[in-house]
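Chain and residue survey
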Amino acid sequence: MQARNPLLNDNRAPIDYDSVTLEHVKSALDTVAGAYETGLSQVLEGQQKQPSWDGLVLAMDNVIADLQATVFATLPLANKGEAWHAAFGEGYRRAQRLFMENRRNKPLHALYQRLATDESSLDVYEKATLRRILLEYRLAGVYLDAQQNATLAQLEDDINEQFGGFYQTLDETSERSSIQIEDEARLQGVPQRLRDLMARQAKDAGLEGWQILCNERNAKAILEFADDRRLREAVYTAYHSRGVHSDEQQDNGNRLQQLALLREQKGQLIGNTSYAQLILQGKAAGSVEPVHQLLQTLAQKLRPAMLKARTALQGLAAQHDLDAVQPWDVRYLRARKQAMSNEALRGYFTLDKVVHALVDLAERVFDLTLAPCSVSAWHPSVRSFTVHQEGVEVGMLYLDVLMHPGKQDGAHTIAVRHRRRDEQGRTHGASVMVVSDGEPGLGGEPALLDHLALRKLFHEFGHGLHILLMPATNHLLSDPNRAGSDSQEFFGKFLERWLWNAQYLADISSHYLTGEPLTLAQAQAALANLREAQLEKCAFDVSMALFDLELHSSPGDGKSIQQRLSECRERCGCWPLASFEKPAHAFDYLVAGYEAGYYSYVWGEAHAIDVFTHFEKWGLFDNRAGKRFRAAFANWANAKAMPEGCEEFLGRPMQIEALLDWYGLE
């Protein structure tokens, strides 16, 4: 008798990751892809006479949900080696292809259309589901004829080729830009733990001394701490030259321009409109106009504030005997004026204490009980929880917070499964992986998180809550991804707001050596300094959102990538770009699904700050506000757009004044 494949468990129990083999991965991915194709054939054959909710929508729900769940359940295993990575990649690409074929399947589309016309038999959730399905079909190009489909297929092949080339150039330029240090004196000012990290990196590469990899973690460490100005300049130059290639065809600026032109053709082909306008029809914002208006308003407010901040920084530079401030001096100078350094602040936040704070917040505000459970995961550092709502188990949560061998830097959340009911009336729970990139403790020191690491974790936990709070309706309606990236980022940005409250930050702190918490005054001073840096981050985000939106609205207007980027930065008061500085060349958001969607972070933050003012007024743990929040933003699942929920919660549409006030913008 063949042993059961642990990846094929219909989510009735947690996956036994300890027993998963590479053959299990390959077999499971083949099985669910085959089951999807069989299920699709059965639906097309059996629903022709009279399509029904159970026989059409929920039947397709089942095979799509199983395919998605198996693919995403294997994602963390891709870190185990090249063979595992290849198996996952093959399964992921096949699932993408099957889903896209689904959304261009004219006979299936016709069945959904027929069912949607019988509105008298549908409830509000079913109507919303069918509206979303038919919108996705239209945006995917279901109405194209055979010749147009051939054109679309070629466009997508060309787009995928540019995707691969972008990452290849980014990886190659990043790898060759690493810097080797043989004289430790050049690392003066860099904390010992970061020097130890760089020493390990050198050893792993077979080098002597210390290696500074050309990645965000290493670059930020040097730019904040290193006293050696020439080293800061070298690291800054290397980091902001990623993606730049002497061969124009392989240069990522050229690739972004070609991608935008290809996407423009796709927008015209499918919707006779710009790519940005096409894509935003499927997001919470709905169209380009309100997004562009928000970004323009913010840019106008940010510019004078940024110019003022730059002048103040020049005065600070003079105090440290520096001449004209250069971009590689900014983080270093800001760190010099902090009331408490990031390194010192980090000592107050052990991972254990932070996880306890997340569990407490989920229960007190959102009525979700997270109970630790002993199940196997893909790495021993991963923490697992069963999740209950009002005494009923609604899902499973994995917290993969710390870096471990093979794991890539970055933070993200994976919705393996969503809460739903199938055609047999069974309730399925959600399964969520919250992933971040915190540093593990070394030399007996516990894992500690600085404020940025805290924000990353709370942000991703917000995405996890979004998934877990969605009621059990159907696979599509309970999927936050289907609501648009702007709706998703609202939840992440909303959870971050707790970390900008000084009292909350002090309450969850406890120094790992003494157990002493931060005083309220210390927390207030630390956050005041951090907010200054956030102003520049806001200006960066707005400038990149403008760049992204305008690139995907009019890519053929004759502007180069660098010219367009420089103009958008100038409108926001950002530092002028040096000749070597080409941040768009490494801006992988535009090839990772956020093209014409980077605005989502700004949009989400504007809504989150406005909504959070209610919690600041009535209490950070006000359960009544939490219930109202769930009623406005979760209980309707995707049957209601996020801006509608915001208006329901606040009694008015979102107003930008709360965000402007928080950033001190006039």
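All residue numbers refer to positions counted from 1 along the written sequence of the respective chain. Since the coordinates come from a predicted model, pLDDT governs what is reported: local features require at least 70, and pairs of side-chain atoms require 80 or more to be given and counted, while whole-chain, interface and lining totals use all residues. Remark: hydrogens and water are excluded; side-chain values derive from all non-hydrogen atoms of the structure.

- The chain appears in an unreviewed UniProt entry as Peptidase M3 from Pseudomonas guariconensis.
- UniProt positions are given in the numbering used here, feature names are shortened, and annotations may be inferred rather than shown by experiment. Taken directly from UniProt, the Sequence similarities (unreviewed entry) text for the chain runs: "Belongs to the peptidase M3 family."

1. Some details on the layout of surface pockets
- Computed over the protein atoms alone on a 1 Å grid, cavities are sets of points where a 1.4 Å probe fits but cannot get out and pockets are open sets with protein on both sides within 12 Å along at least five of seven lines; a residue lines them when it has an atom within 4 Å of a point. Grid points are joined across faces, edges and corners, and a volume is the space filled by probe spheres set on the points. Approximately 660 Å³ is the volume attributed to the second largest pocket.
- The wall of the second largest pocket is formed by 36 residues, among which V394, G395, H428, G429 and A430 lie closest to the centre.
- Among the elements of the structure, helix 2 (53–74), strand 4 (383–389), strand 5 (392–402), strand 6 (412–417), strand 8 (427–428) and strand 9 (430–438) are those that each provide at least two residues to the lining of the second largest pocket.
- Only Asp, Glu, Lys and Arg are considered charged, only Ala, Val, Leu, Ile, Met, Phe, Trp, Tyr, Cys and Pro nonpolar, and every remaining residue, Gly among them, polar. Residue composition of the lining of the second largest pocket, grouped by class: 17 nonpolar, 12 polar and seven charged. Working definition: helices are DSSP H or I runs of at least four residues, strands are E runs of at least two. Numbering for both runs from the N terminus.

2. Some points on the sheet that holds strand 9
- Two strands form a pair only when DSSP identifies at least two bridges running between them. Taken together, five strands build an open sheet; the order of strands is 3-4-5-9-6 and the sheet is mixed. With one partner strand each, in any of the chains shown, strand 3 (368–372) and strand 6 form the two edges of the open sheet. Strand-to-strand twist across the sheet, computed as the mean angle between neighbouring axes with direction ignored, equals 25°.
- Alignment of strand 5 against strand 9, held across seven bridges, turns out to be parallel. Residue G395 lies in a different strand from strand 9, and its bridge partner there is A430.
- With respect to the sheet, helix 2 is in contact with strand 6 and strand 9, its orientation differing from that of strand 6 by roughly 135°.
- Any two residues whose heavy atoms approach within 4.5 Å are treated as being in contact. The angle between two axes is taken between their N-to-C directions and runs from 0 to 180 degrees, where each axis is a line fitted to C-alpha atoms and a helix contributes only its stretch in contact. The sheet contacts of helix 16 (residues 451–469) involve strand 3, strand 4, strand 5, strand 6 and strand 9, and relative to strand 9 the element is tilted by about 175°.

3. Topic: the packing of helix 19 (residues 520–551) against helix 20 (residues 561–572)
- One can describe the packing of helix 19 onto helix 20 by two numbers: an axis separation of 8 Å at closest approach and a directional angle of 140°. The orientation of helix 19 with respect to helix 20, classified from their angle, is oblique. Considering how the two elements wind past one another, helix 19 and helix 20 form a crossing that is right-handed. Residues A539, F540, V542, S543, M544, L546, F547, E550 and L551 of helix 19 touch helix 20, and the partners they reach there are I561, R564, L565, C568, R569, R571 and C572.
- A class-by-class count of the residues in the contact of helix 19 with helix 20 yields 11 nonpolar, one polar and four charged. These descriptions rest on fixed angle ranges, namely under 35 degrees for roughly parallel, over 145 for roughly antiparallel, 65 to 115 for roughly perpendicular, and the rest for oblique. When the near helix sits turned anticlockwise from the far one by under a right angle, the crossing is termed left-handed; a clockwise turn instead gives a right-handed crossing.

4. Considering the packing of aromatic side chains
- Note on aromatic pairs: the rings of Phe, Tyr and Trp (six-membered ring only in Trp) are paired at centre separations within 6.5 Å, and the planes decide the class, stacked below 30 degrees, edge-to-face beyond 60, tilted for the rest. Across all of its chains, the model carries 41 aromatic pairs by this definition.
- Between F490 and F633, the ring centres sit 4.8 Å apart and the planes meet at 40°, which makes this aromatic pair tilted. With a gap of 143 residues between them, F490 in helix 17 (residues 485–496) and F633 in helix 22 (residues 623–633) connect regions that are remote in the sequence. Take F490 and F633: they sit in the same class, and that class is buried. Burial here depends on accessible area, computed with a 1.4 Å probe over protein chains only, as a share of the maximum for the residue type. Under 20% is buried, over 50% is exposed, and the range in between is partly exposed.

5. What to know about the pattern of salt bridges
- For this document, the term salt bridge refers to a Lys or Arg side-chain nitrogen within 4 Å of an Asp or Glu carboxyl oxygen. Here the structure, examined in full by the defined rule, presents 42 salt bridges.
- Residue E101 pairs with R97 through a salt bridge whose shortest N-O separation is 3.3 Å. You can see E101 and its partner R97 sitting in helix 3 (residues 82–102), four residues apart, about one turn around the helix.
- Overall, E101 belongs to the partly exposed group, its relative accessible area being 42%.
- Take R97: its relative accessible area is 40%, and that puts it in the partly exposed class.
- Through salt bridges that share partners, R193, R217, E343, R346, D409, E439 and E445 make up one connected network.

6. Details of helix 12 (residues 288–319)
- By definition here, a helix of n residues has an expected span of 1.5 Å times n minus one. The end-to-end C-alpha distance of helix 12 is 45 Å, a good match for the 46 Å that 32 residues give at a rise of 1.5 Å each.
- Bending of helix 12 peaks at approximately 30° at the position of L302, with proline P304 no more than four residues after it.
- Where helix 12 is concerned, the buried positions are V288, V291, L294, L295, L298, A299, L302, A305, M306, L313, L316 and A317.
- Next to the buried residues of helix 12 lie helix 11 (275–280), helix 13 (330–336), helix 19, helix 20, helix 21 (600–618) and helix 24 (657–663).
- Taken from the residues just after helix 12, D321 is the one with a positive phi, measuring 60°. The term bend refers to the angle at a residue between two fitted axes, each drawn through seven residues, those ending there and those starting there.

7. A look at helix 3
- The first and last C-alpha atoms of helix 3 sit 30 Å apart over 21 residues, in line with the 30 Å expected at 1.5 Å per residue.
- Restricting attention to buried positions, one finds in helix 3 the residues W84, A87, F88, G89, G91, A95, L98 and N102.
- On its buried side, helix 3 packs onto helix 1 (22–46), helix 2, helix 4 (106–117) and helix 5 (124–140).

8. Remarks on the environment of Q277
- With respect to the secondary-structure elements, Q277 resides in helix 11.
- Sequence separation of Q277 and Q211 is 66 residues, and the distance between their C-alpha atoms is 45 Å.
- Those residues in contact with Q277, other than ones at most four positions away along the chain, are S287, V288 and E289.
- In terms of polar contacts, Q277 uses its side chain to reach the side chain of E289, at 3.3 Å. Identification of polar contacts relies on pairs of N or O atoms within 3.5 Å, with a donor-acceptor requirement for protein atoms, meaning one able to donate a hydrogen and the other able to accept it, and with residues adjacent in sequence counted only if both atoms are side-chain atoms.

9. Observations regarding the UniProt feature "domain: Peptidase M3A/M3B catalytic" (unreviewed entry) in the chain
- Feature annotation in UniProt places "domain: Peptidase M3A/M3B catalytic" (unreviewed entry) on residues 226–663, given in this structure's numbering.
- Secondary structure content for residues 226–663 is 51% helix and 10% strand, while the C-alpha to C-alpha distance between its ends is 28 Å.

10. What to know about the pairing of strand 4
- With five of seven residues buried, strand 4 lies mostly within the body of the structure.
- By the bridge criterion, five bridges tie strand 3 to strand 4 in an arrangement that is antiparallel. The residue of strand 4 that forms the bridge with A371 is T386.
- Bridge count for strand 4 against strand 5 is seven bridges, and the pairing is antiparallel. By the bridge assignment, S384 is partnered in strand 5 with Y398.
- The turn joining strand 4 and strand 5, which pair antiparallel and follow one another in sequence, is formed by two residues; a positive phi near 50° is taken by E390.

11. Brief notes about the nonpolar core
- Counting residues in each nonpolar core, the largest one holds 133 residues, and the members touching the most others are F366, F494, W498, V542, F629 and F633.
- It is helix 19 that provides the largest number of residues to this core, a total of 14 residues.
- Non-local contacts of V542, meaning those with residues more than four positions away in its chain, are made with L295, L298, A299, L302, C572 and V602. The nonpolar core is taken to be a set of buried Ala, Val, Leu, Ile, Met, Phe, Trp, Tyr and Cys residues, with the residues joined through side-chain atoms within 4.5 Å.

12. Brief notes about the side chain of R419
- Along the chain, the position of R419 falls in the loop between strand 6 and strand 7 (420–421).
- The charged-residue count follows a simple rule in which Lys and Arg add positive charge and Asp and Glu add negative charge, with His and chain termini not counted at all. With no salt bridge to any partner, buried R419 finds its closest opposite charge in E390, at an N-O distance of 8.0 Å.
- In terms of polar contacts, R419 uses its side chain to reach the backbone carbonyl oxygen of M470, at 3.2 Å.

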